[in-house]
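So you can see what is in the structure, the chains are spelled out below.
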Amino acid sequence: MSPPRKLHIKSYGCQMNVYDAQRMVDMLAPEGFVETASVDDADLVILNTCHIREKASEKVYSELGRLRGVKDEAARNGRRMSIAVAGCVAQAEGAEIIRRAPVVDIVVGPQSYHHLPQLLARAKSHGRALETEFPVQDKFGFLAPPDPEVIRARGVSSFVTVQEGCDKFCTFCVVPYTRGAEVSRPVAKIIDDVLRLADNGVREITLIGQNVNAYHGEGPDGRIWSLGDLLRRLAEVPGIARLRYSTSHPRDVDDTLIAAHRDLPALMPFVHLPVQSGSDRILAAMNRRHGADDYRRVIDRFRAARQDIAFSSDFIVGFPSETEEDFVATLALVRQIGYAGAYSFKYSPRPGTPAADMQETVSAAEMDERLVRLQELIDSQQSAFNLAAIGSTVDVLFERAARNPGQIVGRTAYLQPAHVMAPPDIIGQVLPVTIASLERYSLLGELAAAHARPASSRMADSSQMITGA
Ligand code: SAH
Ligand code: SF4
Ligand code: F3S
């Protein structure tokens, strides 16, 4: 048997890329590849890239520059190292990467990575390989995103992709071009994945998609299921304690999703709902197809269904023609909603998007200044949200040993990291924790009294359970 080949994979960008990277590792395992954390001894290096802002895609070329030295060094030692560029930059700039970066052997788009084994073979015989095709629709109008053969459980929490692509065409955004049209996976396949993950110890599932609440998958009953329908079914899977989904669009929040939040305790009361701006004029220029008040109403519907629900969001500052008045409307919206956290970005013109043809009107200095003001407001809301947890007892799903010896770390319903001193056998359990303090973004606490037993008595309890005594 030949020795295993080593695969180093580096992912940029969104959760979908993290998920895709894991699928590439799973897919290459039967080809004899094992993952390595170091690039130096890798036989195959994959850069799983992001095109969303200029800074993100520039990273690819600087990383490729570095890899050239590593590849030359390997060649001097008589070892062949292959380099693949995957992800959204591959999709957007495939041919240009081949032209600009001779170090690259393979370019593979997000819809084609299931062909990696064949592409590797092709690169070996022909020198280089490029594949950035989008899949074709089947007779039902469904496009098949690459379906994973195996989804391997990696710990307590797992992503499952349910939807890919986006039909919204916000004027600033590359996603509809790099990920293609909106496609939903059939319900049965998603249930299979979740059952398998639950069997392997996964307790939390995050359903992911570029516009996850546009989900409209073929159900086992022949109907089209919404995201709310899907969540309701997945909440019945034994062993799954928590469900989440990301990322949503305010326009696609339907009543089944709101009802799911009302009825399903497993559905976590924390929703990432990007709004981008609080100004109707800018929202229209962005082609968001909703106004600030529509967004407020969506938030109200969630809150009416589930009082303890909290929100995070994404914002862009300095979109072409954004005035101080528009920006103040964004600050006002943030103040009114009150977020548990949010990401904010300076507008970055992306080639091929409609906004790239708009006159940029906000100077770099103004953009910096607006970003600071917005981030200060969001930070203060986030701190207040985290501080409010102190003194309360909250459920934590424990995920892994923390860096500090003896400590175990998990997450609250709101994804806040929470640390306790406890034996490692609590990993995988949801237990109540009384929060004592906040250190930067982490909560510190103790297992609530009934659960805080020393390791020895826990052992006695579990042996009793096993013998049925
Ligand atoms: N599908 C997700 C992810 C989009 S990208 C969604 O719809 O939310 C994540 C965030 O990046 C966006 O919400 C937006 O705030 C930001 N973003 C996208 N394009 C951008 C651009 N050209 N410049 C600056 N920020 C951008
Ligand atoms: Fe991009 Fe808009 Fe689609 Fe989100 S909804 S992926 S921002 S086009
Ligand atoms: Fe980036 Fe593509 Fe995700 S552009 S944010 S990796 S969909």
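In the block above lies the structure referred to throughout.
Residues numbered from 1 in each chain as written. Chains lettered and ligands numbered in written order. Predicted model: local features only at pLDDT ≥ 70, side-chain atom pairs only at ≥ 80, totals over all residues. Heavy atoms only, no water.

Before we move on, can you summarise the overall build of the protein chain with the specific residues and values?
Along its length, the protein chain carries 13 helices and 21 strands. Scaling as 2.2 N^0.38, a compact globule of 469 residues should have a C-alpha radius of gyration of about 23 Å, and the protein chain matches this with 24 Å. Here the C-alpha coordinates of the protein chain stretch approximately 65 × 65 × 50 Å along the principal axes. Counting every position in the protein chain, which comprises 469 residues, the buried fraction comes to 52%. Of the contacts made within the protein chain by residues no fewer than 6 positions apart, 71% connect residues no fewer than 24 positions apart. For the protein chain, the exposed area adds up to about 21,500 Å²; of that, 54% sits on carbon and sulfur atoms. Side-chain charges of the protein chain comprise 53 positive and 58 negative groups, with the mean position of each set lying 3 Å from the other. (Helix = DSSP H or I, 4+ residues; strand = E, 2+ residues; numbered from the N terminus. Rg over C-alpha atoms; globule rule 2.2 N^0.38 Å. Buried < 20%, exposed > 50% of the residue type's maximum accessible area, 1.4 Å probe, protein only. Contact = heavy atoms within 4.5 Å. Areas by Shrake-Rupley, 256 points an atom, 1.4 Å probe, with all protein chains shown as cover. Lys, Arg positive; Asp, Glu negative; His and termini not counted. Charge placed at Lys NZ, Arg CZ, Asp CG, Glu CD.)

Break down the pairing of strand β20 (residues 430-439) for me, citing the residues and quoting the values.
One ladder, built from five bridges, connects strand β17 (residues 393-401) with β20; its direction is antiparallel. By the bridge assignment for β20, Asp395 is matched with Pro432. When β20 meets strand β21 (residues 442-447), the two strands line up antiparallel, connected through six bridges. Its bridge partner lying in β21, Thr434 is registered against Glu446. Counting the residues in the hairpin turn of β20 and β21 gives two residues, including Arg440, whose phi is positive at 50 degrees. (Pairing = 2+ DSSP bridges.)

Break down the packing of aromatic side chains for me, citing the residues and quoting the values.
In this structure the tally under the stated criterion is seven aromatic pairs. Summarising the aromatic geometry, the rings of Phe385 and Tyr414 are spaced 5.1 Å apart at their centres and angled 90 degrees between planes, so their arrangement reads as edge-to-face. One end of the pair, Phe385, is in helix α12 (residues 364-387); the other, Tyr414, is in the loop between β18 (407-411) and β19 (417-421), and 29 residues separate them in sequence. Tyr414 gets classed as buried once you look at its relative accessible area, which sits at 19%. Seen from the ring of Tyr19, Arg23 lies directly overhead, with NZ or CZ sitting 4.6 Å from the centre. Over the ring of Tyr61 we find Arg100, and its NZ or CZ is 3.6 Å from the ring centre. (Phe/Tyr/Trp six-rings, centres within 6.5 Å; stacked < 30°, edge-to-face > 60°. Lys NZ or Arg CZ within 6 Å of the ring centre and 35° of its normal.)

How would you explain the pattern of salt bridges if you had to name every residue and give the values?
If you walk through the whole model with that rule in mind, you get 29 salt bridges. In this structure, the salt-bridge partner of Arg301 is Asp255, at a minimum N-O distance of 3.1 Å. Residue Arg301 is located in helix α10 (residues 292-305), and its partner Asp255 is located in helix α8 (residues 255-263); the two are separated by 46 residues in the primary sequence. With relative accessibility at 57%, the residue Asp255 sits in the exposed group. Note that Arg281 is salt-bridged to Asp326, the shortest N-O span being 2.6 Å. In this pair, Arg281 is assigned in helix α9 (residues 280-285) and Asp326 in helix α11 (residues 324-337), connecting sequence segments 45 residues apart. The structure contains a network of salt bridges with shared partners spanning Lys10, Glu63 and Arg66. (Salt bridge = Lys/Arg side-chain N within 4 Å of Asp/Glu carboxyl O.)

Tell me about helix α7 (residues 227-234), residues and numbers included.
Residues spaced three or four apart along an α-helix face the same direction, because each turn holds 3.6 residues. Where α7 is concerned, the buried positions are Leu227, Gly228, Leu230, Leu231 and Leu234. Burial along α7 is one-sided: seen end-on, the buried residues are contained in an arc of 160 degrees. Summarising the contacts, the buried residues of α7 are in contact with α6 (187-199), β10 (204-208), β12 (224-225), β13 (242-246) and α8. (Arc of directions from axis to C-beta.)

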